[in-house]
Amino acid sequence: MPDRVVVIGGNAAGMTAASRAKRLAPDLDVTILEASDFISYSICGVPYYLSGQVARHQELIRYTPETLLEERGIRARTGVVAEEVLAGRRRVACREVSAGREFEVEYDKLVIATGYRPRLPSIEGCGLANVFTVSRLEDGLLIGDAIERSGARRAAIVGAGYIGLMMAHALRQRGLEVLLFDRNSHVFSQLDDEMAELVQGELRRQGVQLHLESEVRALEGEGGAFRAVRVGREQFPADLALVDVGVRPGTGRAEASGIPLGLSGAIDVDDRGQTQLPGIYAAGNCAETRHLVSGKPVFSALGTTAAKQGRVVGENLAGRRSTFSGTLETSIEKVFDLSIARTGLTLRQALRDGFEARAVQISSRDRAVYYPGSAPMHVRLVFEKRNGRLLGGQIVGSDAAAKRIDTLVTALTAGMDLRQLSQLDLAYAPPSGTLWDPILIAANVGLRGH
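Because the structure is a prediction, the values reported are computed rather than measured.

J.: Is there a simple way to explain the packing of aromatic side chains in this structure?
T.: In this description, an aromatic ring pair is defined by two values, namely the gap between the centres and the angle between the planes. With the rule as written, the count across this model stands at 2 aromatic pairs. Where Tyr-162 meets Phe-188, the ring centres are 4.9 Å apart and the plane angle is 75°; that geometry is what we call edge-to-face. With a gap of 26 residues between them, Tyr-162 in helix 5 (residues 162-173) and Phe-188 in the loop between strand 11 (177-182) and helix 6 (193-205) connect regions that are remote in the sequence. By relative accessible area, which is 28% here, Tyr-162 ends up partly exposed. Phe-188 gets classed as buried once you look at its relative accessible area, which sits at 2%. Here the aromatic rings of Phe-181 and Phe-236 are separated by 5.3 Å at their centres, their planes lie at 70°, and the arrangement is edge-to-face.

J.: How do you make sense of the pairing of strand 6 (residues 102-106) when you look at a structure like this?
T.: A regular strand places its side chains so that they alternate between the two faces of the sheet. Residues Phe-103 and Val-105 of strand 6 are buried on one face, while the alternating residues Glu-102, Glu-104 and Glu-106, pointing to the opposite face, are not. By the bridge criterion, 5 bridges tie strand 5 (residues 91-96) to strand 6 in an arrangement that is antiparallel. Residue Ala-93 lies in a different strand from strand 6, and its bridge partner there is Glu-104. Between strand 5 and strand 6, which pair antiparallel one after the other, the connecting turn spans 5 residues, and Gly-100 there sits at a positive phi close to 75°.

J.: What should I look at first to understand the environment of Gly-159 in this one?
T.: Checked against the element boundaries, Gly-159 lands in the loop between strand 10 (154-158) and helix 5. Along the primary structure Gly-159 and Glu-197 are separated by 38 residues, whereas in three dimensions their C-alpha atoms are 16 Å apart. Apart from residues no more than four positions distant in its own chain, Gly-159 is found in contact with Gly-164, Leu-180, Phe-181, Asp-182 and Asp-244.

J.: How should a nonpolar patch on the surface be read in this particular structure?
T.: Among the surface-exposed residues, Val-369, Tyr-370, Tyr-371, Tyr-428, Leu-435 and Trp-436 lie close enough to one another that they form a single nonpolar patch of about 730 Å² accessible area. With respect to the helices and strands, the residue Leu-435 is situated in the loop between helix 11 (418-422) and helix 12 (438-448).

J.: Explain unusual backbone geometry here, please?
T.: Backbone geometry follows two general trends: most residues other than glycine have a negative phi, and most peptide bonds adopt the trans configuration. Phi at Arg-90 takes a positive value of approximately 50°, unusual for a residue other than glycine. One non-glycine residue, Asn-130, adopts positive backbone phi at about 70°. By the element assignment, Asn-130 lies in the loop between strand 8 (116-118) and strand 9 (131-132).

J.: Got a minute to help me understand the environment of Leu-219 in this structure?
T.: With respect to the helices and strands, the residue Leu-219 is situated in strand 13 (residues 216-222). Along the primary structure Leu-219 and Leu-435 are separated by 216 residues, whereas in three dimensions their C-alpha atoms are 52 Å apart. In contact with Leu-219, other than residues within four places in its own chain, are Ile-123, Glu-124, Gly-125, Cys-126, Leu-128, Val-131, Val-158, Phe-226, Ala-228, Val-229 and Val-243.

J.: Where do I start with the sheet that holds strand 22 (residues 338-344) in this structure?
T.: Across a sheet, strands are paired by hydrogen bonds formed along the backbone, either parallel or antiparallel in direction. If you trace the 5 strands from one edge of the open sheet to the other, you get 21-22-25-24-23, paired in antiparallel fashion. A single partner strand is all that each edge strand has here, and the edge strands are strand 21 (331-335) and strand 23 (357-365). Strand after strand, the sheet turns through a mean of 15° between neighbouring axes, direction not considered. One ladder, built from 9 bridges, connects strand 23 with strand 24 (residues 376-384); its direction is antiparallel. Note on strand 24: the bridge partner recorded for Ser-363 is His-378. Docked against the sheet, helix 5 engages strand 21 and strand 22, running at close to 25° with respect to strand 21.

About the cut-offs
Residues numbered from 1 in each chain as written. Predicted model: local features only at pLDDT ≥ 70, side-chain atom pairs only at ≥ 80, totals over all residues. Heavy atoms only, no water. Phe/Tyr/Trp six-rings, centres within 6.5 Å; stacked < 30°, edge-to-face > 60°. Helix = DSSP H or I, 4+ residues; strand = E, 2+ residues; numbered from the N terminus. Buried < 20%, exposed > 50% of the residue type's maximum accessible area, 1.4 Å probe, protein only. Pairing = 2+ DSSP bridges. Contact = heavy atoms within 4.5 Å. Patch = residues over 30% accessible without salt bridge, like charges linked within 9 Å, V, L, I, M, F, W, Y side chains within 5 Å. Areas by Shrake-Rupley, 256 points an atom, 1.4 Å probe, with all protein chains shown as cover. Salt bridge = Lys/Arg side-chain N within 4 Å of Asp/Glu carboxyl O. Axes fitted to C-alpha atoms, helices over the stretch in contact; angles between N-to-C directions.

This is how it looks when you write it as structure tokens:
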């Protein structure tokens, strides 16, 4: 009888684990349990659906339960909540969302891929109608319906992180007035302040009303529906609110089932994705991993990390011995006309983690200045003072930031220092770059004081 593999969670990590295991070991009996109505979708695509750049939400979905079974031989049961892992009996206690029916599913090997959950601030009004978070495809559909139904013209966004910035862009493109609130002095804490200021300039240029160093005291409503944001004694009316004050690993079911957590608060796993309980794996945003620069355990909310962890777990389920080395927390997002990219550690993070670090920042061009479409590119490098070892990088500029950040990812992975970085034989042609690439310029500027 083939091993029964049960996967809790049907998106990036869970879907990748299930698919990889089934591909390598076709005899495995693989079932996915998913609490929502959808599997295998792109949460990153939700802002583009709301902006109108993606016409139909179905375009964000790769598989349905029917096509997954037909094409890959994997069963997916949607609308099923995994309430508890009964590890001693190798069963999962489940509940159907619609009917409330309770039942158990047996497994030989279990994968927990429950993703992340949005954090909600401890303020009044988060439960009002027309107050949203964005962590599931259903959230995007609800926001779109609310805009259409109410004819919303003004949106308040609480929190200027990844999602907050993307949603500010999306809703402005849709024609809404956008107010963006954050208690910090700068947007997007994954950048150093000097780089964040460039992003703030673009937001203001595009008409986003920034309210920084603004502690939201309450979301106020009327008749059970959101009507305004309260900051101190000031009230800012709006038709809907989006809350993005961070996320946490979705570990509730695992913790309640006695599956140990790591120092980061995510599920403790080894480099194969194995938890401390036999036969139980965890992957994705609910599972801990290691930062490749600091070496410290971290919780990563990135889909790229989740997919890689899921692939490793899938290979181990199929009998291979596969390991995951860790993450650099590399990301890139488009906010209006700027691409914002980062990898490794910011200067603030490096100092916090005990490195004797410094940073350099330069402004250059993404291609030859005389070539049509040439645009500014800003590069910031973080490195160790004593030996010039690269610790991280940030790039703000045109779409060409993607090429440059991936160069820095490779350099970080290889453990390069500034001198090695400055000698990289990078490609050059006027339509594609400059004779001295912005990365090379930044590395040479760093070497001056080293």
